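A closer look at the structure
Now for the letters of each chain:
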Amino acid sequence: KNPSLIGSVYIGSNKWHGGVLAPNGMIYFCPRDATQVLQLDPTTNTTSLIGSVYSSGGTKWTGGILAANGKIYFCPANAAQILELDPTTNTTSLIGSVYNGGGKWNGGVLAPNGKIYFCPHASSQILELDPTTNTTSLIGSVYSGGVKWQGGVLAPNGKIYFSPFNATQILELDPT
């Protein structure tokens, strides 16, 4: 019941934002302001920095989602593209269309149709990713002004519900 500190020491602030357990048993932490993905081997409590090196700072990505293809997709907050991690090779790639701007999406949800839906934070639309083709689309268009939702949940009815951050109501998405 007593917590302990594990892994290497990484100096700085706001480095990683959320983590994902991959099929290989490793945990991968999303590089928010860090320059690389942080990998944790929970059997040995060892950590490694993996993937390509990206510039530091700027709240690049926030949270990740494991898709059916075994890859992890990190949500583009201020980054222009989604960050894809292949845990079998520990390589990263920038995928999908380029979307400029800040604070666009925050968190995402894997839907029963196999697509990932990223929560509109400051964006006016939901970002949809098809992991089989690495193509992206913007859907919806009634969400203007400020930072609105942050994170989402897949319900048993197959719909996704995005949490109201500054919005006055919950945002519901029916992926079908």
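Please refer to the structure higher up on the page.
Scope of this entry: the structure provided in the associated data block.

The rules behind the values
Residues numbered from 1 in each chain as written. Predicted model: local features only at pLDDT ≥ 70, side-chain atom pairs only at ≥ 80, totals over all residues. Heavy atoms only, no water. Core = buried A, V, L, I, M, F, W, Y, C linked by side-chain atoms within 4.5 Å. Buried < 20%, exposed > 50% of the residue type's maximum accessible area, 1.4 Å probe, protein only. Helix = DSSP H or I, 4+ residues; strand = E, 2+ residues; numbered from the N terminus. Pairing = 2+ DSSP bridges. Axes fitted to C-alpha atoms, helices over the stretch in contact; angles between N-to-C directions. Phe/Tyr/Trp six-rings, centres within 6.5 Å; stacked < 30°, edge-to-face > 60°.

Counting residues in hydrophobic clusters, the biggest one holds 14 residues, and the most contacted among them are Tyr-28, Val-37, Trp-61, Ile-72, Phe-74, Leu-83 and Leu-85. At the level of secondary structure, the elements contributing two or more residues to this core comprise β2 (27-31), β6 (72-76) and β7 (82-86).

Quick look at the pairing of strand β10 (residues 116-120) now. For β10, a buried count of 5 out of 5 residues is recorded, marking the element as mostly surrounded by other parts of the structure. Sheet analysis places strand β9 (residues 105-110) next to β10, joined by 4 bridges and oriented antiparallel. From the neighbouring strand, Leu-110 faces β10, where its bridge partner is Ile-116. Where β9 folds back on β10, the antiparallel hairpin that results is connected by 5 residues, among which Gly-114 adopts a positive phi of roughly 85°. Counting the residues that bridge the hairpin from β10 to strand β11 (residues 126-130) gives 5 residues.

So, about the sheet that holds β6. Taken in spatial order, the 4 strands line up as β5-β6-β7-β8 in an open sheet, and their pairing is antiparallel. The outermost strands of the open sheet, each flanked by one partner alone, are β5 (61-66) and β8 (91-95). Between one strand axis and the next, the sheet turns through 25° on average, direction left out of account. Where β6 lies against β7, 3 bridges are found, and the strand directions are antiparallel.

All right, on to the sheet that holds β9 then. Ordered by their spatial adjacency, 4 strands build an open sheet running β9-β10-β11-β12, and the pairing between neighbours is antiparallel. Lying at the two open borders of the sheet, with one neighbouring strand each, are β9 and β12 (135-139). Going from strand to strand, the sheet's axes swing by 25° on average, the running direction of each strand aside.

Inspection of every chain in the model, using the stated rule, returns 3 aromatic pairs. When the ring of Tyr-10 is compared with that of Trp-16, the centres are 5.4 Å apart and the planes differ by 75°; the resulting orientation is edge-to-face. Pairing Tyr-54 with Trp-61 gives two aromatic rings, centres 5.3 Å apart and planes at 75°, and the pair type is edge-to-face. For the residue pair Tyr-54 and Trp-61, the accessibility class agrees, reading buried in each case.

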